[in-house]
Amino acid sequence: MKHVVIEATGRPEEVAIVKVSPPPVLTAGQVRLRMLFSPVNPADLNFLAGTYGKKPELPAIPGMEGVGRIAEGDGVPEGRLAIPLDGMGCWAEEIVRPVGRIVVLPEGMDPQQAAMLRVNPATAWGLLHAAGTLPRGAWVVQNAASSAAGHCVIQLARHFGLRSLNLVRREESIGPCRALGADAVLLDCPEAVAQARALPGFEPPALALNAVSGDSATRLMDLLAPRGTMVTYGAMSRQPVKVPNSFLIFKELHLRGFWVTRWMEEAPIEEVHSIYAELAGLVVAGKLQQPIAAEYPLSEIASAVKHAAQSGKNGKIIVNLAG
């Protein structure tokens with residue numbers, strides 16, 4: 001089978017190479033997936049560069065998420081789409097996983113959307129539940145709203161009956177966020193705090209979602225209600241979170257992080273399957289969608305990761321693992 005492998009970390013487009021190896025051996029209690037599609041996520045680029053939260057054991061097959069069709073295995077519906085729950089190793093024509101570590105998807109699900117189900121929708125779900133269950137009508141504020149995870153937050157917030165205030169870096173990102181159901185979209189600039197407070201019906205939120213850090217995170221904390229929670233899951237600015245003392249002392253804010261990989265490892269498997277069943281149902285119903293900017297064959301993985309690293313894309317870069 002063809003697969004991507006890295007034998008050293010470095011520039012993603014240079015270290016990701018395609019090789020041909022024997023397909024993995026299937027043993028008892030496992031299932032074989034013939035892979036169809038996999039996106040190139042920022043975490044994949046960090047994995048290739050050696051800067052991800054988990055260092056690769058080299059040589060390694062990258063690919064944090066993807067979708068395949070069940071080819072064989074005991075007690076599994078052959079021919080159905082399924083996603084692996086364990087991260088990395090998806091950039092291959094075939095993979096083998098324990099039966100309990102896949103999620104069989106509902107009929108009628110678009111394979112490309114299914115390939116993007118594991119990371120961003122689950123991240124958005126976890127972020128929106130990080131401070132408990134918010135009451136319907138409550139506001140939630142996020143930065144990096146034009147990212148794939150941010151788009152999922154907008155759609156899931158609407159599904160849960162929440163109102164979202166979304167900060168973006170570019171004017172051209174405002175329209176797509178509104179089209180997904182954002183209640184308010186503002187440019188992430190020093191004036192954003194005053195502009196948000198002037199919005200009709202706006203109330204300080206109990207939850208803020210931070211993927212940028214630096215000054216942008218300070219603005220989120222400024223907008224939070226007393227004893228509100230800011231959840232950090234990214235640092236796109238490459239700046240630390242700076243916390244004014246007054247926000248800790250007088251507002252008593254709570255700061256925490258979220259990493260979907262750790263959640264996947266530690267959450268009860270029944271909870272994981274239940275959440276993915278709900279998310280998959282929303283995808284099938286057209287209520288949770290992620291745009292695709294371009295598709296590349298597996299043989300052009302270097303071009304795919306180089307494209308994925310560019311800013312200003314209007315969607316995900318997808319790798320066709322079967323083409």
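Everything that follows concerns the structure shown earlier in this document.
Everything in this summary refers to the structure shown in the same document.

1. Notes on the overall build of the protein chain
Then comes step 1: When you go through the protein chain residue by residue, the secondary structure sums to 12 helices and 15 strands.
Then comes step 2: On C-alpha atoms alone, the protein chain measures out to a radius of gyration of 20 Å, which is about the 20 Å that the 2.2 N^0.38 rule sets for 323 residues.
Then comes step 3: Expressed as lengths along the three principal axes of its C-alpha atoms, the size of the protein chain is roughly 60 × 40 × 35 Å.
Then comes step 4: Taken across its 323 residues, the protein chain has 52% of its residues classed as buried.
Then comes step 5: When contacts within the protein chain are restricted to residue pairs at least 6 apart in sequence, those whose partners lie at least 24 apart make up 67%.

2. Thoughts on the packing of helix 4 (residues 120-128) against helix 11 (residues 269-284)
Then comes step 1: Contact geometry of helix 4 with helix 11 gives a least axis separation of 10 Å together with a crossing angle of 110°. By the angle between their axes, helix 4 is roughly perpendicular relative to helix 11. Between helix 4 and helix 11 the crossing geometry is right-handed. Contact residues: P121, A122 and W125 in helix 4; I275, Y276, E278 and L279 in helix 11.

3. Re the packing of aromatic side chains
The relative placement of two aromatic rings is captured by the distance of their centres and the angle of their planes.
Then comes step 1: All told, the structure shown has 2 aromatic pairs when counted by the stated rule.
Then comes step 2: Seen in terms of ring centroids, Y52 and W259 are 5.8 Å apart; in terms of plane orientation they differ by 70°. Their pairing is edge-to-face. Here Y52 is found in the loop between helix 2 (42-49) and strand 4 (67-73), whereas its partner W259 is found in the loop between strand 13 (254-257) and helix 10 (260-266), with 207 residues between them in sequence.
Then comes step 3: Since its relative accessible area comes to 25%, W259 is described here as partly exposed.
Then comes step 4: Between W139 and F202, the ring centres sit 5.2 Å apart and the planes meet at 65°, which makes this aromatic pair edge-to-face. Linking W139 in strand 8 (residues 139-142) with F202 in the loop between helix 7 (192-197) and strand 11 (207-210), this pair joins segments that are 63 residues apart in sequence. With respect to class, W139 is no different from F202; both count as buried.
Then comes step 5: We note K251 situated over the ring of F247; from NZ or CZ to the ring centre the distance is 5.2 Å.

4. Topic: the pairing of strand 8
Then comes step 1: Burial along strand 8 is two-sided: W139 and V141 and V140 and Q142, pointing in opposite directions, are all buried.
Then comes step 2: Looking at chain direction, strand 8 and strand 9 (residues 163-168) are connected through 4 bridges and run parallel. Residue V141 lies in a different strand from strand 9, and its bridge partner there is L165.
Then comes step 3: Bridge analysis of strand 8 against strand 11 gives 3 bridges, and the strand direction is parallel. Each residue of the ladder has a partner; that of V140, found in strand 11, is L207.

5. Re the nonpolar core
Then comes step 1: One finds L105, W263 and Y276 to be the most contacted residues of the largest nonpolar core, which totals 45 residues.
Then comes step 2: Within the residue set of this core, elements represented by two or more residues are strand 3 (30-39), strand 5 (81-84), helix 3 (111-115), helix 4, helix 5 (148-159), strand 11, helix 10 and helix 11.
Then comes step 3: It is helix 11 that provides the largest number of residues to this core, a total of 7 residues.
Then comes step 4: Once you skip the residues sitting within four places of it in the chain, W263 turns out to touch A122, F258, E271, V272, I275 and Y276.

6. Remarks on helix 5
Then comes step 1: Its 12 residues place the ends of helix 5 17 Å apart at the C-alpha level, agreeing with the 16 Å of an ideal helix rising 1.5 Å per residue.
Then comes step 2: Along helix 5, 9 of the 12 residues are buried, which leaves the element largely enclosed by surrounding structure.
Then comes step 3: All of the buried residues along helix 5 are A149, G150, H151, C152, V153, I154, Q155, L156 and A157.
Then comes step 4: Elements that come into contact with the buried residues of helix 5 comprise helix 4, strand 8, strand 9, helix 6 (174-179), strand 11 and helix 11.
Then comes step 5: One or two steps after helix 5, the chain reaches G161, where phi turns positive at roughly 80°.

7. Let's talk about the state of the cysteines
Formally, a disulfide is one covalent bond, and it connects the sulfur atom of one cysteine to the sulfur atom of another.
Then comes step 1: Enumeration over the complete set of coordinates arrives at 0 disulfides.
Then comes step 2: For the unlinked cysteine C90, the closest cysteine sulfur is that of C152, found at 17 Å.
Then comes step 3: With no disulfide of its own, C177 lies closest to C152 among cysteine sulfurs, the gap being 12 Å.

8. Some details on the side chain of H3
Then comes step 1: By the element assignment, H3 lies in strand 1 (residues 2-5).
Then comes step 2: Of the residues examined, H3 reaches a relative accessible area of 6% and is grouped as buried.
Then comes step 3: There is a polar contact of 2.7 Å between the side chain of H3 and the side chain of S21.
Then comes step 4: In contact with H3, other than residues within four places in its own chain, are I17, V18, K19, V20, S21, I61, W91, A92 and L298.

Thresholds applied
- Residues numbered from 1 in each chain as written.
- Predicted model: local features only at pLDDT ≥ 70, side-chain atom pairs only at ≥ 80, totals over all residues.
- Heavy atoms only, no water.
- Helix = DSSP H or I, 4+ residues; strand = E, 2+ residues; numbered from the N terminus.
- Rg over C-alpha atoms; globule rule 2.2 N^0.38 Å.
- Buried < 20%, exposed > 50% of the residue type's maximum accessible area, 1.4 Å probe, protein only.
- Contact = heavy atoms within 4.5 Å.
- Axes fitted to C-alpha atoms, helices over the stretch in contact; angles between N-to-C directions.
- Parallel < 35°, antiparallel > 145°, perpendicular 65-115°, else oblique.
- Left-handed = near helix turned anticlockwise from the far one by under 90°.
- Phe/Tyr/Trp six-rings, centres within 6.5 Å; stacked < 30°, edge-to-face > 60°.
- Lys NZ or Arg CZ within 6 Å of the ring centre and 35° of its normal.
- Pairing = 2+ DSSP bridges.
- Core = buried A, V, L, I, M, F, W, Y, C linked by side-chain atoms within 4.5 Å.
- Expected span 1.5 Å × (residues − 1).
- Disulfide = S-S within 2.5 Å.
- Polar contact = N/O pair within 3.5 Å; in protein donor to acceptor, adjacent residues only side chain to side chain.

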